[in-house]
Amino acid sequence: PQSDLVFSARLKQGDLLRNLNDFPAAQHSYEDLLNKPASQENLILAQLALAECHNAQSSGDPSHFDRAQTLFEQLRDRVDAPVDVRVEAGYNLGELWVRRDNRAKALEVWWNDVVSPFLLDAKGAGELRTKGRYWMARTLYRAGEVFEQQEKLEEAKEAWVLLLKTKLGWGEALARAK
């Protein structure tokens, strides 16, 4: 039961259930993984999957919003979590705030908790891997969109130029078009 193969299979089962919109069953699968983690890394991955499951249900139920928010905040702040996971959690936390029409809070999370520590800080930027670079690019592009919606065009341009300048690998054509 402690094998990484069992963990991977159960995580994939939860992902498939989530893709089929069977969120209660997916949630149960992820919670089961949290109760029996094979390793610290697996615990973090299960927590991220559970947060995403609550996130998917958050538009219809405020309790899922609160749970997703808490889980994403915990992951974003975990110093033992991989940087890629922390960036993904920060991106998703900002998206939660956008859906709640709190764009200022979303931008604060994205700039202060994602971009500054994991892209502008040389140490954090050096730890970004492929998945983290993808989520960082999504964060910058989405921040630019939110600034544009607020008619803060200089800030939007700054986000998109930063995306282009850092060559993150995703969204460069979209940012250039903007």
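Relevant structure appears above.
Everything quoted here is computed from the prediction, not taken from an experiment. (Residues numbered from 1 in each chain as written. Predicted model: local features only at pLDDT ≥ 70, side-chain atom pairs only at ≥ 80, totals over all residues. Heavy atoms only, no water.)

Trainee: Could you give an account of helix α5 (residues 83–99), naming the residues involved and the relevant values?
Mentor: Between its terminal C-alpha atoms α5 stretches 25 Å, which fits the 24 Å expected from 17 residues at 1.5 Å a residue. By the criterion of burial, α5 is predominantly enclosed, with 16 of the 17 residues buried. Remark: D101 follows α5 within two positions and exhibits a positive phi of approximately 60°. (Helix = DSSP H or I, 4+ residues; strand = E, 2+ residues; numbered from the N terminus. Expected span 1.5 Å × (residues − 1). Buried < 20%, exposed > 50% of the residue type's maximum accessible area, 1.4 Å probe, protein only.)

Trainee: Please set out the nonpolar core residue by residue, giving values where relevant.
Mentor: Counting 56 residues, the largest nonpolar core has F72, V87, W110, W111, L119, M136 and L140 as its most contacted members. Mapped by element, the contributors of at least two residues to this core are α1 (4–19), α2 (23–35), α3 (40–57), α4 (62–77), α5, α6 (103–120), α8 (130–149) and α9 (153–166). Residues within four places of F72 in sequence aside, it is in contact with L48, A51, E52, N55, A89, N92, L93 and L96. (Core = buried A, V, L, I, M, F, W, Y, C linked by side-chain atoms within 4.5 Å. Contact = heavy atoms within 4.5 Å.)

Trainee: So what about the pattern of salt bridges? Which residues, and what values?
Mentor: All chains considered together, the criterion is met by 12 salt bridges. For R10, the salt bridge goes to D32, with nearest N and O atoms at 3.1 Å. In this pair, R10 is assigned in helix α1 and D32 in helix α2, connecting sequence segments 22 residues apart. Owing to a relative accessible area of 21%, D32 belongs among the partly exposed residues under this scheme. The partner of R142 in a salt bridge is E145, with the nearest N and O atoms 3.2 Å apart. Placement of the pair is R142 and E145 together in helix α8, with a separation of three residues, close to one helical turn. Given a relative accessible area of 16%, R142 falls into the buried group. Taking relative accessible area as the criterion, E145 reaches 21% and is therefore assigned partly exposed. Here the salt bridges share partners, and the residues they tie into one network are R76, D77 and D113. (Salt bridge = Lys/Arg side-chain N within 4 Å of Asp/Glu carboxyl O.)

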